[in-house]
Amino acid sequence: MSRQPARRRAHTPHPPKLSILGAVLLLAAAPVVAQCESEEQQLIDKPNGKTLDAFGRRVAISGDRAAVSADAENSMGAVYAYELDGDSWTLAQKVLPADLEFLDRFGFSLVMEGSTMIVGNPRDDDQAADSGSVVVFEHDGAQWAEITELTPSVGVELGQFGWSLALDGDVLVVGAIGDESPGENNTGAAWVFRHDGTEWVEEQRLSVPGLDDFDELGFAVAVDGDDVFVAAVNDDGVGIDSGAVYTFSYDGVEWNEGQKLVSGDIAGGDWFGWALDVDGDLLAVSAPQHDAAAENSGALYFFERPGGVWVESDKIVPDGAGAFENFGWSVDLEGPRMVVGAAAADSFSGALYLFQDVGTQWLESHFWTGSAGPGTGFFNDSLGASVALDGAHVLGGAPFADADQEDAGVAYAYEVTDLAMAALPQTVQTGDDVTLRVCGGAPGEDVVIYLRGFGGDPASRRIDNGVFAFDGRFQTTMSFPGNAAGNEAEFGARGFWQPGVLGTSDVVTVTIEP
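Fair warning: this is a prediction, and the values are worked out from it, not measured in the lab.

### Focus on the pairing of strand 11 (residues 144-150)
Alright, step 1. In this sheet, strand 11 lies alongside strand 10 (residues 133-139) in antiparallel orientation, the contact comprising 6 bridges. Within strand 11, the residue paired with F137 across the bridge is E146.
Alright, step 2. What sits between the antiparallel neighbours strand 10 and strand 11 is a turn of 4 residues, in which G141 has the positive phi angle 100°.

### Concerning the layout of surface pockets
Alright, step 1. Reported here for the largest pocket is a volume of approximately 1,400 Å³.
Alright, step 2. Lining the largest pocket are 49 residues; nearest its centre among them are L110, V111, L165, V331 and V387.
Alright, step 3. A per-class count over the lining of the largest pocket returns 32 nonpolar, 7 polar and 10 charged.
Alright, step 4. A volume near 440 Å³ is recorded for the second largest pocket.
Alright, step 5. Taken together, 18 residues line the second largest pocket, and the ones lying closest to its centre are S38, E39, D506, V507 and V508.
Alright, step 6. Among the elements of the structure, strand 31 (420-424) and strand 39 (508-513) are those that each provide at least two residues to the lining of the second largest pocket.
Alright, step 7. By residue number, the principal contributor to the lining of the second largest pocket is strand 31, which donates 4 residues.
Alright, step 8. In terms of residue class, the lining of the second largest pocket is made up of 7 nonpolar, 6 polar and 5 charged.

### Some thoughts on the side chain of S505
Alright, step 1. Here S505 lies in the loop between strand 38 (501-504) and strand 39.
Alright, step 2. Here S505 falls in the buried class, since its relative accessible area comes to 11%.
Alright, step 3. A polar side-chain atom of S505 sits 2.9 Å from the main-chain amide nitrogen of A493.
Alright, step 4. Other than its neighbours up to four places away in sequence, S505 contacts T417, L419, A420, M421, G492 and A493.

### Remarks on unusual backbone geometry
Alright, step 1. The omega torsion across L424 and P425 is -10°, close enough to zero to call that bond cis.
Alright, step 2. With respect to the helices and strands, the residue P425 is situated in the loop between strand 31 and strand 32 (427-429).
Alright, step 3. Even without glycine at this site, N74 takes up a positive phi of about 55°.
Alright, step 4. Positionally, N74 belongs in the loop between strand 5 (65-70) and strand 6 (78-85).
Alright, step 5. Positive phi, normally seen in glycine, also occurs at S382, with a value near 65°.
Alright, step 6. Position of S382 relative to the elements: it lies in the loop between strand 27 (362-368) and strand 28 (386-390).
Alright, step 7. For S382, a relative accessible area of 10% puts it in the buried group.

Rules of the game
- Residues numbered from 1 in each chain as written.
- Predicted model: local features only at pLDDT ≥ 70, side-chain atom pairs only at ≥ 80, totals over all residues.
- Heavy atoms only, no water.
- Pairing = 2+ DSSP bridges.
- Helix = DSSP H or I, 4+ residues; strand = E, 2+ residues; numbered from the N terminus.
- 1 Å grid on protein atoms, 1.4 Å probe; cavity = no way out; pocket = protein on both sides within 12 Å on 5 of 7 lines; lining within 4 Å.
- Points joined across faces, edges and corners; volume = space filled by probe spheres on them.
- Nonpolar A, V, L, I, M, F, W, Y, C, P; charged D, E, K, R; others polar.
- Buried < 20%, exposed > 50% of the residue type's maximum accessible area, 1.4 Å probe, protein only.
- Polar contact = N/O pair within 3.5 Å; in protein donor to acceptor, adjacent residues only side chain to side chain.
- Contact = heavy atoms within 4.5 Å.

So this is what it looks like as structure tokens:
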């Protein structure tokens, strides 16, 4: 049997990929002052969205369940429940209360914990016009079912019970910004309910003597164990509408007023206390109209409790904050991570920021915007009007984004990674510089940027390494040789985002144009 001559492989215009990988040109490494913008995981819109439904007014996550409210849908409101299916949130149920009427605002506030979801309806008229209510739902393993409706023992006209909500285990706090005692006018209050193992029972009304009319105590609330925090954004202690936060502690019998918290640098109109969250001995308080970096750019303040007394410990202002961005419109704090909404950033398109406790300080890591863009509606998106953080998942509400209809609203889902990775630009020509940037690392700790894929094939090639700068960032600049044209390169990073805690980044793709 004769041997056939070996066939020559047909010539291909694409060069061997390994030779391209070996020809990546490293140019420089330097500290960074810009953000690491990461891509969204999913855009969530509701079926049959209509203009000004306000879908995304509030968002909530707990494990593999999430909820998004549309408090203006049909001029009554609704909540849409989602479940995590792999990497996607899928609609599971439209949730409505048994008692829903025209001009209600069901979904104006929303909390979720485990199998419990509680929804505020501050325009409910059960006790008086706009007296308000909250509705408790439980998940039975198949769907959400209404358990009970809660109203205060003394409901008042325009009390707006349900304006804000906070839930921690068996303790529920409800803000009522228009609540008042005789002789008062919209001073506000908060109500505490406790689950006794069978039902939710009203425990105590929280108020502050000496408040002025329209201080709106209860605008925002937070709870952690035996500590409750109630904001009065129109408190005039430092200046008109400067804002304040009041602390209450439980002694086993009743809730007692503690401290009045204000920042040392707030001024009139700052709205200190607009958004609150607490985790143990760390309290986050926003002031979205504070002139931190520019007029109404916004700021977030941390308070800690050494020796049993709450004291201001830090102030956070994002890099590049501009005028009227309202950083701090919303906040969710969970362990070493915190997500903050800036609903007016980029001309009210909005943005989200993720900050991480890197061991010695809180540093900005991820920065997110939405893909819907400015749109053609009358309003811009306002991403960051609401935020929710649970583990590796973030939701951000954009209640005026264009979806099926103009200004109908959407929500965005994002994935939290230990480090954030960015490539600028993401489309280049051969010979052009591309900057690879890593954010969210512990200053002085090691970081490596590596090539993990090229032209559709996996790869593992170190691009550069170094240490994170004081701002938790590291970058390197590189370019591609001529024979890389027409391919895509994938990059990632590994580094310590806390001392001794190694983490990885998301993956960014750079397209090299022919």
